[in-house]
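Residues per chain, in single letters:
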Amino acid sequence: MMDNLTEIQKKYIFFFCIGIFTFYLSGYVLRGFHPPQNIYLMLLIYGILFGIGILFSKERSSVFVVNAFVISFVALLLISAGFFAWGAYGHMNSKSISAHRLDYVPEDFVVVTQEELNDYPALKETIETQSYVKASPGEWRRTIEFLEEKGSSVIKVGDEYYGIGFDTA
């Protein structure tokens, strides 16, 4: 397939790859930087790689430079947008439930039976392990609604009292 491409098409593919490579190189180099500095530095890395690409391509026409810029920058934007959309999706689905045992008897609490806990496996697991338990968004929401219906997020299970927390990433 590459044999059928003209030299100019091969150069445009090269600039498309520069856009993609900029994203990966920026992720590696800019670890630890926070917005907006990392965005500015990513654009600086892009500018340097684009300039190097223009030097190596030996094409100086303004039409080529503009087309190469658009191709490489669109590649950079598309991969960046895809990465951030994937991160947002993961963030949206990152839910956890926590329980911490109280060493006092609270004034307001509700009693939750073992049978009720069996219907809410994430709540049961967090009480048993005393740690954060990852929950699906549906289970997370269902557990919140269950405790809202009961009237409190402080519960009594057996002889122990627990404060229940609902966390997102």
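Residues numbered from 1 in each chain as written. Predicted model: local features only at pLDDT ≥ 70, side-chain atom pairs only at ≥ 80, totals over all residues. Heavy atoms only, no water.

Q: Any chance you could explain the pairing of strand β5 (residues 160–168) here in plain terms?
A: Walk down a regular strand and you will see the side chains alternate between the two sheet faces. In this structure, strand β1 (residues 95–101) lies alongside β5, joined through seven bridges in antiparallel fashion. Counted as the bridge partner of Arg101 is Tyr162 from β5. Linking two consecutive strands that pair antiparallel, namely strand β4 (residues 154–157) and β5, is a turn of two residues; a positive phi of about 65° is found at Gly158 within it. (Pairing = 2+ DSSP bridges. Helix = DSSP H or I, 4+ residues; strand = E, 2+ residues; numbered from the N terminus.)

Q: So what exactly am I meant to see when it comes to the packing of helix α5 (residues 121–129) against helix α6 (residues 137–150) here?
A: Between two packed helices, the angle of one axis relative to the other and the distance separating the axes together describe the packing. Across the interface, α5 lies against α6 with an axial gap of 9 Å and an inter-helix angle of 80°. Judged by the angle between their axes, α5 and α6 are roughly perpendicular. The residues of α6 that touch α5, namely those facing Pro121, Ala122 and Leu123, are Glu139, Arg142, Thr143 and Phe146. Here the residues of the contact of α5 with α6 sort into four nonpolar, one polar and two charged. (Axes fitted to C-alpha atoms, helices over the stretch in contact; angles between N-to-C directions. Parallel < 35°, antiparallel > 145°, perpendicular 65-115°, else oblique. Contact = heavy atoms within 4.5 Å. Nonpolar A, V, L, I, M, F, W, Y, C, P; charged D, E, K, R; others polar.)

Q: Quick question: what am I supposed to make of the nonpolar core here?
A: Note on soluble globular proteins: their nonpolar side chains tend to be buried together. By size, the foremost hydrophobic cluster in this structure holds 19 residues, and its most contacted members are Leu123, Ile127, Ile155 and Ile164. Listed by contribution, the elements that provide at least two residues to this core are β1, α5, β3 (133–135), α6, β4 and β5. Looking at which element gives the most residues to this core, the answer is α6, with four residues. Other than its neighbours up to four places away in sequence, Ile155 contacts Val110, Val112, Ile127, Leu147, Glu160, Tyr161, Tyr162 and Ile164. Within the second largest apolar cluster, 14 residues are counted, among which are Tyr12, Phe15, Ile54 and Phe64. (Core = buried A, V, L, I, M, F, W, Y, C linked by side-chain atoms within 4.5 Å. Buried < 20%, exposed > 50% of the residue type's maximum accessible area, 1.4 Å probe, protein only.)

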